[in-house]
Amino acid sequence: DSPTEAQRLHSSIELHLAPDTPPTFVGGTTDDPAVPMQNAVMIYEALNAAHIPTELHLYEGKTHGFPLRDPAGQLLPWAPAMLTFLERHGLGQPI
């Protein structure tokens, strides 16, 4: 079932940003089967327009969400990018 217009608007994060929204790291994949990458772009644009520090990272693939490490135990590229973003905004420990 598709959501109603009211449900869609209620769930659209980009329409409900608070003035105290913290710096936000936005990540996604280019072929996410659950959430189109355009949603990540819309959130990024709304955060940017509201002058909330933000970064957008889109990765090639058809996955919804992604693990912290690959099967060999190595950090995937998004993890250091997010940690660097958080540190830059005083929200994490140095890497």
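Up top you'll find the structure we're talking about.
Quantities reported herein were computed from a predicted structural model and do not represent experimental measurements.

Caption draft 1: A look at the overall build of the protein chain. Each helix and strand counted, the protein chain has three helices and two strands in total. Dimensions of the protein chain along its principal axes, counting C-alpha atoms only, are 45 × 30 × 15 Å. Considering only intrachain contacts with a sequence separation of at least 6, the fraction spanning at least 24 residues in the protein chain is 61%. With an accessible surface of roughly 6700 Å², the protein chain has 59% of that area assigned to carbon and sulfur atoms. Placing the 4 positive and 11 negative side-chain charges of the protein chain at their respective mean positions leaves the two points 5 Å apart.

Caption draft 2: Expanded view of the nonpolar core. Ranked by size, the top nonpolar core spans five residues in total: Val26, Ala40, Ile43, Leu47 and Ile52. For this core, the element with the most residues is helix H2 (residues 37-49), which contributes three residues.

Caption draft 3: How the structure looks around the packing of aromatic side chains. On inspection of all chains with the given rule, the structure shows one aromatic pair. Judged by centre distance (6.0 Å) and plane angle (55°), the rings of Phe25 and Phe85 are tilted. With Phe25 in strand E1 (residues 24-29) and Phe85 in helix H3 (residues 78-88), the pair connects residues that are 60 residues apart, well separated along the chain. According to the relative accessible area criterion, Phe85 is buried, its value standing at 1%.

Rules used throughout
- Residues numbered from 1 in each chain as written.
- Predicted model: local features only at pLDDT ≥ 70, side-chain atom pairs only at ≥ 80, totals over all residues.
- Heavy atoms only, no water.
- Helix = DSSP H or I, 4+ residues; strand = E, 2+ residues; numbered from the N terminus.
- Contact = heavy atoms within 4.5 Å.
- Areas by Shrake-Rupley, 256 points an atom, 1.4 Å probe, with all protein chains shown as cover.
- Lys, Arg positive; Asp, Glu negative; His and termini not counted.
- Charge placed at Lys NZ, Arg CZ, Asp CG, Glu CD.
- Core = buried A, V, L, I, M, F, W, Y, C linked by side-chain atoms within 4.5 Å.
- Buried < 20%, exposed > 50% of the residue type's maximum accessible area, 1.4 Å probe, protein only.
- Phe/Tyr/Trp six-rings, centres within 6.5 Å; stacked < 30°, edge-to-face > 60°.

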